[in-house]
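Observations on the three-dimensional arrangement
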Amino acid sequence: AQKITQTQPGMFVQEKEAVTLDCTYDTSDPSYGLFWYKQPSSGEMIFLIYQGSYDQQNATEGRYSLNFQKARKSANLVISASQLGDSAMYFCAMREGRLDTGNQFYFGTGTSLTVIP
Amino acid sequence: GAVVSQHPSRVICKSGTSVKIECRSLDFQATTMFWYRQFPKQSLMLMATSNEGSKATYEQGVEKDKFLINHASLTLSTLTVTSAHPEDSSFYICSAPQGAAYGYTFGSGTRLTVV
């Protein structure tokens, strides 16, 4: 079974509108972390937001928020007030175990977001 | 914040030659380094995990003799693509866990083209 599933290969959003990128995960480990990364055409992986499995509140970082629904095993990324510079690939990732274990990431297949002027 | 410096960013090499890619942690000690490969418009696929002072752990299907990984110090891990072929052309990127906070820092990636 896939550890991380992103079902939206491509998404379009109007500039200044909000967009939700879907991510579901699969793990039996009670301790895990969920990450979202942005990858522009240059290839670098830009960290956006992190949610720990024990965190009570949804994570927020500026225009990024993570809609964490533990029972449904979903960790959707919400980008508010989209900007042209948000056009990129977005990857959801999970690390099982505690943050300091140094365990590997599992990546989803990514969502290509295009912001339309 | 923590930085992993990856070089070169782009390399073109002839078939049959070897290419070395370096990832260096600049302000923290990286006892572990993950090496990923990414084909165009696809996800990152973990190739191997290197640990300082011990042999790397390769994922299933990754040729150990072709992709040589060395983690000689707490700040340097290298991936050498030996006897490169055009099908090895890809984007290679490294990542190191930092421990605390948000945990993982990525290098900027290397775009390898084998002609």
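These lines cover the structure that appears in this document, whether it is placed above or below. Nothing here was measured: the structure is a model prediction, and the numbers come from that model.

**Details of the overall build of chain B**
Helix and strand counts for chain B come out as zero helices and 11 strands. Computed over its C-alpha atoms, the radius of gyration of chain B comes to 13 Å, within 12% of the 13 Å expected for a compact globule of 115 residues. Each principal axis of the C-alpha atoms in chain B carries an extent, and together these give about 40 × 30 × 20 Å. When each of the 115 residues of chain B is scored for burial, the buried share is 50%. Put simply, of all contacts in chain B between residues at least 6 apart along the chain, 53% involve residues at least 24 apart.

**Focus on the overall build of chain A**
Secondary structure assignment for chain A yields zero helices and 12 strands. Going from N to C terminus, chain A has its helices and strands arranged as β-β-β-β-β-β-β-β-β-β-β-β. Relative to its length of 117 residues, chain A is compact, with a C-alpha radius of gyration of 14 Å against a globular reference of 13 Å. Viewed in the frame of its principal axes, chain A has a C-alpha envelope of about 40 × 25 × 25 Å. Across the 117 residues in chain A, those meeting the buried criterion constitute 49%. For chain A, long-range pairs separated by at least 24 residues make up 55% of all intrachain contacts whose partners lie at least 6 apart in sequence. Surface exposure of chain A reaches about 5500 Å², of which carbon and sulfur atoms provide 48%.

**Here we look at the interface of chain A and chain B**
Contact with chain A, which involves 22 residues of that partner, is made by 20 residues of chain B. Surface buried jointly by chain A and chain B totals about 1600 Å² across both partners, of which 61% is contributed by carbon and sulfur atoms. Applying the counting criterion to the chain A and chain B interface returns zero salt bridges. Broken down by secondary-structure element, the contributors of at least two residues to the side of chain A that touches chain B are strand 5 (32–39), strand 6 (46–52), strand 10 (88–96) and strand 11 (105–107) of chain A.

**Some words on the packing of aromatic side chains**
Throughout the structure, instances matching the rule amount to 20 aromatic pairs over all chains. Taken together, a centroid distance of 5.9 Å and an interplanar angle of 70° make the contact between Y37(A) and F47(A) edge-to-face. In this pair, Y37(A) sits in strand 5 while F47(A) sits in strand 6, placing the two residues 10 residues apart along the sequence. Classification of F47(A) as partly exposed rests on a relative accessible area of 26%. Following the ring pairs from residue to residue traces out a cluster consisting of F35(A), Y37(A), F47(A), Y50(A), F91(A), F105(A), F107(A), F34(B), Y36(B), Y104(B) and F106(B). In this structure, K3(A) packs its charged tip against the face of Y106(A), placed 5.3 Å from the ring centre. The side chain of R63(A) reaches across the aromatic face of Y64(A), ending 5.7 Å from its centre.

**Remarks on the sheet that holds strand 3 (residues 19–25) of chain B**
Residues and elements named next belong to chain B. Reading across the sheet, the four strands line up as 1-3-8-7 and stay open at both edges, with antiparallel pairing between neighbours. A strand with exactly one partner marks an edge of an open sheet, and here the two such strands are strand 1 (4–7) and strand 7 (67–73). Here the strands of the sheet are splayed against their neighbours by 15° on average, with no regard to which way each runs. Note that strand 3 and strand 8 (residues 76–81) share six bridges and pair antiparallel. Opposite R24, over in strand 8, you have L76 as the bridge partner.

Scoring rules and cut-offs
Within every chain, residues take consecutive numbers counted from 1 along the sequence as written. As they are written, the chains are lettered A onward and the ligands numbered 1 onward, keeping that order. Note on the predicted model: pLDDT of at least 70 is required for a residue's local features to be given, and 80 or more for side-chain atom pairs to be given and counted; whole-chain, interface and lining totals, by contrast, use all residues. Side-chain measures were taken over the full set of non-hydrogen atoms in the model, leaving aside hydrogen atoms and water. The helix count covers DSSP runs of H or I at least four residues long, the strand count covers runs of E at least two residues long, and both are numbered beginning at the N terminus. The quantity called the radius of gyration is restricted to C-alpha atoms. Its globule counterpart is 2.2 Å times the number of residues to the power 0.38. Three labels apply to residues, based on accessible area from a 1.4 Å probe with only protein chains included: buried if under 20% of the type maximum, exposed if over 50%, partly exposed otherwise in between. What makes two residues a contact is simply this: any of their non-hydrogen atoms within 4.5 Å. In this description, accessible areas are obtained by the Shrake-Rupley approach with a 1.4 Å probe, and a residue is regarded as covered only by the protein chains that are shown. Reported buried area values correspond to the accessible surface (1.4 Å probe) lost by two parts on association, with both partners' losses combined. A side-chain nitrogen of Lys or Arg and a carboxyl oxygen of Asp or Glu constitute a salt bridge if their distance falls within 4 Å. Any two of the Phe, Tyr and Trp rings considered here, Trp counted by its six-membered ring, make a pair once their centres fall within 6.5 Å; the pair's planes then place it as stacked at under 30 degrees, edge-to-face at over 60, or tilted in between. Lysine and arginine charges are scored as sitting over a ring when NZ or CZ, respectively, is within 6 Å of the ring centre and within 35 degrees of the ring normal. If DSSP finds at least two bridges between two strands, the strands pair. Under this scheme, a helix contributes an axis fitted over its contacting stretch, all axes are lines through C-alpha atoms, and angles between N-to-C directions fall in the 0 to 180 degree range.

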